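What follows is the residue order along each chain.
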Amino acid sequence: MELRRSAAIVGIGELRPSRHPDGRPVLELLAEVTRLAIADAGLEKGDVDGLLVAPPLAEHSLMWPTVLAEYLRMHPTFAETVDLGGASACGMVWRAAAAIRAGLCRAAVCVTGDVLDPDSFYGPRGGRPARVPGREFESPFGPMGANSGYAMIAMRHMYEFGTTSRQLAKVAVDQRVNANANPDALFFDRPLTIEEVLASPLVCDPLHLYEIVMPCTGAAAVLVAAPEIARRGPHRPVWLLGAAEKLTHMSLAQAPSLTTSPIAYTAPRAFEMAGVTPQDIDLVSVYDCYTITVVVTLEDAGFCPKGRGGPFVEEHDLTYRGDLPLNTHGGQLSFGQAGLAGGMSHVTEAARQLQGRAGQRQVRNCELAFVNGNGGIMSEEVSLVLGAD
Amino acid sequence: MAQEYRKPLPQPTETSRPFWEGARRGELRLQRCRSCGEYVFYPRSLCPHCLSPELGWTTASGRGHVYTYTVVRRPAHPGFRDEVPYVLAIVELEEGPRLTTNIVGVAPEEVRIGMPVEAVFEPATEEITLVKFRPRKET
Ligand SMILES: [Zn+2]
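Predicted, not measured: the structure shown is a model, and the values here were computed from it. (Residues numbered from 1 in each chain as written. Chains lettered and ligands numbered in written order. Predicted model: local features only at pLDDT ≥ 70, side-chain atom pairs only at ≥ 80, totals over all residues. Heavy atoms only, no water.)

S.K.: Even after reading the chapter, I still don't get the overall build of chain B, so can you show me in this structure?
M.R.: When its secondary structure is counted, chain B shows one helix and eight strands. Seen in sequence order, chain B has helices and strands lined up from the N terminus as α-β-β-β-β-β-β-β-β. At 16 Å, chain B has a C-alpha radius of gyration in line with the 14 Å of a compact globule built from 139 residues. Each principal axis of the C-alpha atoms in chain B carries an extent, and together these give about 45 × 35 × 25 Å. Classification of the 139 residues of chain B by burial places 48% in the buried group. Here the contacts in chain B between residues at least 6 apart in sequence split such that 51% fall between residues at least 24 apart. For chain B, the accessible area works out to roughly 7,100 Å², and carbon and sulfur atoms hold 44% of it. (Helix = DSSP H or I, 4+ residues; strand = E, 2+ residues; numbered from the N terminus. Rg over C-alpha atoms; globule rule 2.2 N^0.38 Å. Buried < 20%, exposed > 50% of the residue type's maximum accessible area, 1.4 Å probe, protein only. Contact = heavy atoms within 4.5 Å. Areas by Shrake-Rupley, 256 points an atom, 1.4 Å probe, with all protein chains shown as cover.)

S.K.: Looking at this structure, I do not really get the coordination of the zinc ion. What am I missing?
M.R.: Each angle at a metal carrying four tetrahedral donors should ideally be 109.5 degrees, and each at a metal carrying six octahedral donors should ideally be 90 or 180 degrees. Residues and elements named next belong to chain B. Here the zinc ion is held by C33 (SG), C36 (SG), C47 (SG) and C50 (SG), and the distances to it run 2.3 Å. One can describe the donor arrangement at the zinc ion as tetrahedral, given that its four donor atoms subtend angles of 104 to 117° at the metal. Every donor residue of the zinc ion comes from the same chain, spaced as C-x2-C-x10-C-x2-C. (Donors = N, O, S within 2.8 Å, 3.2 Å for Na, K, Ca; no water. Tetrahedral: all angles 85-135°; square planar, octahedral: opposite > 155°, others 65-115°.)

S.K.: It is not clear to me how the sheet that holds strand β1 (residues 8-14) of chain A should be interpreted in this structure. Could you clarify?
M.R.: Across a sheet, paired strands are connected by hydrogen bonds in the backbone, their directions being either parallel or antiparallel. Residue and element names in this part refer to chain A. The nine strands are arranged β3-β2-β4-β7-β1-β8-β11-β10-β9 in an open sheet whose pairing can be described as mixed. Both edges of this open sheet fall to β3 (78-81) and β9 (283-286), since each of them pairs with a single strand only. Within this sheet the neighbouring strands show an average axis-to-axis angle of 20°, counted without direction. Bridge count for strand β4 (residues 107-114) against strand β7 (residues 218-225) is eight bridges, and the pairing is antiparallel. When the bridges of β7 are listed, G113 appears paired with A219. (Pairing = 2+ DSSP bridges. Axes fitted to C-alpha atoms, helices over the stretch in contact; angles between N-to-C directions.)

S.K.: Help me out: how do you make sense of the nonpolar core in this one?
M.R.: Looking at soluble globular proteins, one finds that nonpolar side chains tend to be buried together. With 117 residues, the main nonpolar core has A:L223, A:F303, A:F370 and B:F133 as its most contacted residues. With eight residues, the single largest contributor to this core is helix α1 (residues 26-40) of chain A. When residues are assigned to domains, this core turns out to be shared by domain 1 (8-118 + 217-237) and domain 2 (143-213 + 242-388) of chain A, each giving three or more. With 49 residues, the next largest nonpolar core counts A:F78, A:A87, A:C110 and A:C216 among its residues. (Core = buried A, V, L, I, M, F, W, Y, C linked by side-chain atoms within 4.5 Å. Domains from an automatic or database assignment.)

S.K.: How should the interface of chain A and chain B be read in this particular structure?
M.R.: How big an interface is tends to be expressed through the accessible area that disappears when the partners come together. Opposite the 33 residues of chain A that make contact, chain B presents 36 residues. In this assembly, chain A and chain B are joined by one salt bridge. Residues A:D205 and B:R73 are paired through a salt bridge, measuring 2.5 Å at the closest nitrogen-oxygen approach. Connecting chain A to chain B are 14 residue pairs in polar contact (both at pLDDT 80 or more). Of all the elements in the fold, those that place two or more residues in the side of chain A that touches chain B are α5 (133-137), α6 (145-161) and β5 (202-204) of chain A. For the side of chain A that touches chain B, the residue count by class is 21 nonpolar, six polar and six charged. (Salt bridge = Lys/Arg side-chain N within 4 Å of Asp/Glu carboxyl O. Polar contact = N/O pair within 3.5 Å; in protein donor to acceptor, adjacent residues only side chain to side chain. Nonpolar A, V, L, I, M, F, W, Y, C, P; charged D, E, K, R; others polar.)

S.K.: How should I be thinking about the sheet that holds strand β2 (residues 39-40) of chain B in this particular structure?
M.R.: Residues and elements named next belong to chain B. Taken in spatial order, the three strands of this open sheet run β2-β1-β3, and their pairing is antiparallel. Each edge of the open sheet is held by one strand with a lone partner, namely β2 and β3 (55-59). The sheet contact formed by strand β1 (residues 29-33) and β2 spans two bridges and is antiparallel. Within β2, the position partnered with R32 by the bridge is Y39.

S.K.: Whenever I open this one, the packing of aromatic side chains confuses me. Can you help?
M.R.: Given two aromatic rings, their pairing is described by the distance between the two centres and the angle made by the two planes. Scanning all chains against the criterion turns up eleven aromatic pairs over all chains. Between A:F137 and B:Y42, the aromatic rings sit 6.3 Å apart at their centres with planes inclined by 15°, giving stacked as the arrangement. Placement of A:F137 in helix α5 and of B:Y42 in the loop between β2 and β3 is noted, with the two residues assigned to different chains. For the pair formed by A:F137 and B:Y42, the shared burial category is buried. Among the aromatic side chains, those forming a connected cluster through ring pairs are A:F137, B:F19, B:W20, B:F41 and B:Y42. Sitting over the face of the ring of B:Y67, A:R156 holds its NZ or CZ atom 3.8 Å from the ring centroid. Above the ring of B:Y42, the side-chain terminus of B:R44 is found at 3.9 Å from the ring centroid. (Phe/Tyr/Trp six-rings, centres within 6.5 Å; stacked < 30°, edge-to-face > 60°. Lys NZ or Arg CZ within 6 Å of the ring centre and 35° of its normal.)

S.K.: I would appreciate a short explanation of the pattern of salt bridges in the present structure.
M.R.: Residues and elements named next belong to chain A. This structure, assessed with the given rule, holds 26 salt bridges over all chains. Notably, a salt bridge pairs R352 with E14, separated by 2.6 Å at the nearest N-O pair. Of this pair, R352 sits in helix α14 (residues 341-355) while E14 sits in strand β1, and the two are 338 residues apart along the sequence. Salt-bridge contacts for K170 lead to D174; the nearest nitrogen and oxygen are separated by 2.7 Å. Separated by four residues within a single helix, K170 and D174 lie in helix α7 (residues 165-179), roughly one turn from each other. The two residues K170 and D174 agree in class, both being buried. Connected via shared salt-bridge partners are E14, E349, R352 and R361.

S.K.: Whenever I open this one, helix α2 (residues 64-71) of chain A confuses me. Can you help?
M.R.: Quick reminder: α-helices carry 3.6 residues per turn. Residues three or four places apart thus point the same way. Residue and element names in this part refer to chain A. Taken as a whole, α2 has its buried residues at W64, P65, L68 and A69. All buried residues of α2 fall inside an arc of 130° around its axis, so they share one side. Check the buried side of α2 and you find it contacts α1, β2 (50-53), β3 and β4. Of the residues flanking the end of α2, it is R73, one or two places downstream, whose phi is positive at about 50°. (Arc of directions from axis to C-beta.)

S.K.: What's the story with helix α10 (residues 263-274) of chain A in this structure? I'm lost.
M.R.: Counted at 1.5 Å a residue, the expected span for α10(A) with its twelve residues is 16 Å, and the 16 Å between its end C-alpha atoms agrees. In the segment just after α10(A), A:G275 is the residue with positive phi, at about 70°. (Expected span 1.5 Å × (residues − 1).)

S.K.: Help me out: how do you make sense of the domain arrangement of chain A in this one?
M.R.: Residue and element names in this part refer to chain A. The domain architecture assigned to chain A consists of domain 1 (8-118 + 217-237) and domain 2 (143-213 + 242-388). One C-alpha centre belongs to domain 1, the other to domain 2, and the line joining them spans 23 Å. In this assembly, 37 residues from domain 1 lie in contact with 35 residues from domain 2. Regarding the contact of domain 1 and domain 2, the summed buried area is about 2,800 Å², with carbon and sulfur atoms giving 67% of it. Contact with domain 2 buries area across many residues of domain 1, yet P17, C90 and R236 alone supply 22% of it, more than any other trio. One can count four salt bridges joining domain 1 with domain 2. In this structure, the connection of domain 1 to domain 2 is made through eleven residue pairs in polar contact (both at pLDDT 80 or more). (Buried area = accessible area lost by both parts, 1.4 Å probe.)

Printed below as a string of structure tokens:
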């Protein structure tokens, strides 16, 4: 059973990120992007027989796929909750393709979304909190959620390789240029300079406020379909060419390495499955909860040698008109992070670019995209290679 | 304790209880696998290296170095509101395992990766003593 070209993304549904939630339950957001993705693919609800949902952070429920399926009166023959944090979106795409290849379904919608509720990041979820080691051996010392984890990765990266805050800031600034060409981005009308990033308050040393993702409300879905459906669709099919996944740790203290992530495993395998190399890639669409995440990802994915990520982002133009277009929607840093829909935004943007539907920020001759989903503290990684016909 | 402790408290399990009893006595205790000899932290019901359930307890040196750190300037949990800025760190012990902790007894701006540190034992409640670290002179 081979995943390469087993299925294609044929439809996109995405809500504009918002800092001002209107009070709607997250279920309504999930339902809305499901509808949009089905319509965008030119399909009917009855054509969809697979449903994958990432569990929202702000509202807790058991059995999200069943909740959403019932709400929409869908009766899928394949359903899954994919709980890989920020890597969930990429994890859903290859799972949908595998289910299609295995004959379990023919058209699967992958759904993410969340409402803005900062307390829910740290507050208790439904039921008794699990007796897991993080609560016993990490929480008593005052970690600041993911912020302190990525800060400790950045600190170690600077120590080992001499990476500078100015280099990290370049990532945020290039992505802001991209957001300034994306009317849906939270920071569409706000330019940003390296000096402004460096002048923003330190939140967790060495990370400044503008190197940290902005939580918001939003949702996004993609429809993944079998080849025979994909070829009949209204858009260019976006084929899954390569995929790989790896998980290593929950607490950063348990990570095999702080500066080499599981992407060093997943990206080469995804490229190998696709039969391409990083040099063939037209668009990089990779998880960017923090600036340091992008630098480590570029190194581990083989765009530059380990430790050279800082100089690399300084030497290359990462904007949509640059020599290495990266996170052309603005990335989550400038587009917004609606919970796990933030990870989906890298998938939807890659699909849009490959379909030639990216408007003002369209990358010319965009045929091949590298997409990476990252969850936890560089804990769980899913790499995808997507290609247009 | 006269004052109410407002920060998150660990809830020991049967497996981890010897660690917390050691901390209360001023000892940093680690598990060691009787089968493969590896040191294990945090406490587990089986060895994560070889999956043997035969884990014993040893007292560690309490010495290590700062593997990485950050200065937390905005508290996530309200219990830390009066403590910012404080140093959250990962310390690598001489025995090998790394643990999450705080570096105390030094100004945050003086902390460095590689700095030699030693364990200090800070009672939080009657039952719970947290293991933190402070700079030590290299011997
Ligand atoms: Zn063992």
